[in-house]
2 protein chains.
Amino acid sequence: MKIIVIGATGTIGRAVFQELNPRHEVIAAGYSHGDIQVDISDMQSIEAMYQQVKNIDAVVLATGQVHFGKLADMTEKEYAIGLNNKLMGQVNVVLAGMKYLNDRGSFTLTSGILSRDPIQYGSSASMVNAAIDAFVKSAALELPRSLRINSVSPTVITESMEDYAAYFRGFESVAAARAALAYSKSVEGLQTGQVYWVG
Amino acid sequence: MKIIVIGATGTIGRAVFQELNPRHEVIAAGYSHGDIQVDISDMQSIEAMYQQVKNIDAVVLATGQVHFGKLADMTEKEYAIGLNNKLMGQVNVVLAGMKYLNDRGSFTLTSGILSRDPIQYGSSASMVNAAIDAFVKSAALELPRSLRINSVSPTVITESMEDYAAYFRGFESVAAARAALAYSKSVEGLQTGQVYWVG
């Protein structure tokens, strides 16, 4: 298969790349790194990516910004970061990609555990992650040409605990390599409309 | 209690008004109807509402626009309708209202069944409804002064079936008066961070 991994130099993206690369042709995409550059918050940049890479079987999204902050201080603009980037960025990659992917191709999005296990400062992440999972369940009904779509919803990643441990006390972390298996299941399996909880 | 019902002339809002009005001072708010006008997609309009009505114990939101359309035809702008209005409109009423509501006051938001039971043309509604429910669960952790927040997630309303039946085949509808009980439970009970499924 020919697979684009967007966010391939991030903590999860690197592990997904390593999991899939031995068996497939994997193209690393990123905002500033990788084989090809793409800004998922910009539809023109997404279209440019699809016009550059032909014959795609799968797109994995392991990227997306969200603002963390105290609820009482959060502004409309700070919520817009997560809505425009992590949520609509991933959705736009699907909307544009529907035209380009090979029949039976797949999209794999990334959400996260905060949708159902909320923490302080995480109201935007909770909102965005839940929206991604619900979009996936709904979009799976309507995708043409047997295209598939799933999301991976990991708990906090072990490799990120150095930065995030204070916010995730009591959460059992998961190694990025283990989270990567869920992406492999989504890309290499046949399921659609699924949320793969990893934790 | 003094309660603002935003969207009080809609199908659900009218029923909520009728349920709460015999026991409380209920102020009907709406985009163009009611005792007081408010555009929930405009933070200045929301602030103006809170400055006009003093001593508020509860805010009920029974309003919010979402675009329905075929996935393959949906645009970023059409998703933005639901994100800016039904999702962030309700969130903004909470963010602004945190400063104004009386101690132990409550917010009750409206989501809907499509978050977990998707239909054709409903990808934006699925996304937005799930985001609202997750926001409520997260925001409940951080609200100050014992303020509370819940959402009501109804299935299709019987009174709306005339317009929507074709999209909701096989869904059991619920009368608006029965959905209104969930709003009463949220406003008059003590629970917080809950999603009340009505269906």
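Residues numbered from 1 in each chain as written. Chains lettered and ligands numbered in written order. Predicted model: local features only at pLDDT ≥ 70, side-chain atom pairs only at ≥ 80, totals over all residues. Heavy atoms only, no water.

### Things to note about the pairing of strand E4 (residues 58–61) of chain A
Here is the key point about a regular strand: its side chains alternate between the two faces of the sheet. All names here are of chain A. We apply this condition: Residue exposure (1.4 Å probe, protein chains only): buried if accessible area is under 20% of the type maximum, exposed if over 50%, otherwise partly exposed. Every helix listed is a DSSP run of H or I at least four residues long, and every strand listed is a run of E at least two residues long, numbered separately from the N terminus. Here, strands pair whenever DSSP counts at least two bridges between them.
Both faces of E4 are covered, namely the face carrying Ala58 and Val60 and the face carrying Val59 and Leu61. With 4 bridges connecting them, strand E1 (residues 2–6) and E4 associate as parallel partners. Of the residues in E4, the one forming a bridge with Ile6 is Leu61. Relative to strand E5 (residues 106–110), E4 is paired through 3 bridges, and the arrangement is parallel. Bridge assignment links Val60 to a residue of E5, and that residue is Thr108.

### As for the relation of the copies chain A and chain B
We apply this condition: Least-squares superposition of the copies uses the C-alpha atoms of those residues scoring a pLDDT of at least 70 in each of them. Here, two residues are considered to be in contact whenever any of their heavy atoms come within 4.5 Å of each other.
Once chain A is rotated about the relating axis by 180° and shifted along it by 0.0 Å, it coincides with chain B to within an RMSD of 0.0 Å. Given the turn and translation reported, the copies of this chain are related as if by a two-fold rotation axis. Minimal C-alpha distance to the rotation axis in chain A is attained by Ala131 of chain A, lying at 2.4 Å. Counting the interface residues of chain A, we find that 100% of their copies in chain B are interface residues as well, pointing to one common contact surface.

### Focus on the sheet that holds E1 of chain A
All names here are of chain A. We count it as follows: Helix axes are fitted to C-alpha atoms over the stretch in contact, other axes to C-alpha atoms as well, and angles between N-to-C directions run from 0 to 180 degrees.
Here 7 strands make up an open sheet; going across it, the order is E3-E2-E1-E4-E5-E6-E7 and the pairing parallel. Looking at strand neighbours, the two that pair on one side only are strand E3 (36–37) and strand E7 (194–198), the edges of this open sheet. Relative to the sheet, helix H4 (residues 123–142) contacts E5, strand E6 (148–154) and E7, its axis offset from that of E6 by approximately 160°. Together, E1, E4, E5, E6 and E7 form the strand contacts of helix H6 (residues 176–188), whose direction differs from that of E5 by roughly 155°.

### Focus on helix H2 (residues 43–52) of chain B
Residue and element names in this part refer to chain B. In plain terms, the rule: Taking the helix axis as origin, the arc is that swept by the directions to the C-beta atoms. For this analysis, a polar contact is any N or O atom pair within 3.5 Å, provided that within protein one partner can donate a hydrogen and the other can accept it, and provided that sequence-adjacent residues contribute only side-chain to side-chain pairs.
Buried within H2 are the following residues: Ser45, Ile46, Met49 and Tyr50. Down the axis of H2, the buried side of the element spans an arc of 140°, and every buried residue falls inside it. Turned more than 90 degrees away from the buried face of H2 sit Gln44 and Gln52, all of them exposed. Packing partners of the buried residues in H2 comprise strand E1 (2–6), strand E3 (36–37), strand E4 (58–61), helix H3 (76–97) and strand E5 (106–110). N-cap assignment for H2: the residue whose side-chain oxygen lies 2.9 Å from the backbone N of Gln44 is Asp42.

### Considering the interface of chain A and chain B
Defined as follows: Accessible area that two parts lose when put together, with a 1.4 Å probe and added across both, is what the buried area reports. Every case where a carboxyl oxygen of Asp or Glu lies within 4 Å of a side-chain nitrogen of Lys or Arg is listed as a salt bridge.
Of the residues lining the interface, 34 residues belong to chain A; the matching set on chain B comes to 34 residues. For the pair chain A and chain B, the summed buried area comes to about 2,700 Å², and 72% of that belongs to carbon and sulfur atoms. For the interface between chain A and chain B, the tally reads 0 salt bridges. At the boundary of chain A and chain B, one finds 8 residue pairs in polar contact (both at pLDDT 80 or more). The element contributing the most residues to the side of chain A that touches chain B is H4 of chain A, with 12 residues.

### Let's talk about the side chain of Asn129 of chain A
Inspection of the secondary structure assignment puts Asn129 of chain A in helix H4. When its relative accessible area of 3% is taken as the criterion, Asn129 of chain A is described as buried.

### Overview of the side chain of Asn150 of chain B
All names here are of chain B. Counting through the fold element by element, Asn150 comes out in strand E6 (residues 148–154). Looking at Asn150, the relative accessible area reads 0%, which means it is buried. Setting aside residues up to four positions removed in sequence, Asn150 forms contacts with Phe107, Thr108, Leu109, Val136, Ser186, Gln191, Thr192, Gly193, Gln194 and Tyr196.

### A few points about the packing of aromatic side chains
Quick note on the threshold: Two rings from Phe, Tyr or Trp (for Trp, the six-membered ring) form a pair when their centres are within 6.5 Å of each other. A pair whose planes differ by under 30 degrees is stacked, one over 60 is edge-to-face, and the rest are tilted. Whether a charge lies above a ring is judged from NZ of Lys or CZ of Arg, which has to be within 6 Å of the ring centre and within 35 degrees of the ring normal.
Counted by the stated rule, this structure contains 8 aromatic pairs over all chains. Measuring from centroid to centroid gives 5.1 Å for Tyr50 of chain A and Tyr100 of chain A, while their planes differ by 5°, and the two rings are stacked. Residue Tyr50 of chain A is located in helix H2 (residues 43–52), and its partner Tyr100 of chain A is located in the loop between helix H3 (76–97) and E5; the two are separated by 50 residues in the primary sequence. Taking the ring centre of Trp197 of chain B as reference, the NZ or CZ of Arg116 of chain B above it sits at 3.5 Å.

### Side note on the environment of Ala58 of chain B
Residues and elements named next belong to chain B. The topology assignment puts Ala58 in strand E4. Accessibility expressed as a relative area gives 0% for Ala58, which makes it buried. In this structure, the C-alpha to C-alpha distance between Ala58 and Gly105, residues 47 residues apart in sequence, is 5.3 Å. With sequence-adjacent residues up to four places away left out, Ala58 is seen in contact with Lys2, Ile3, Ile4, Leu101, Ser106 and Val187.

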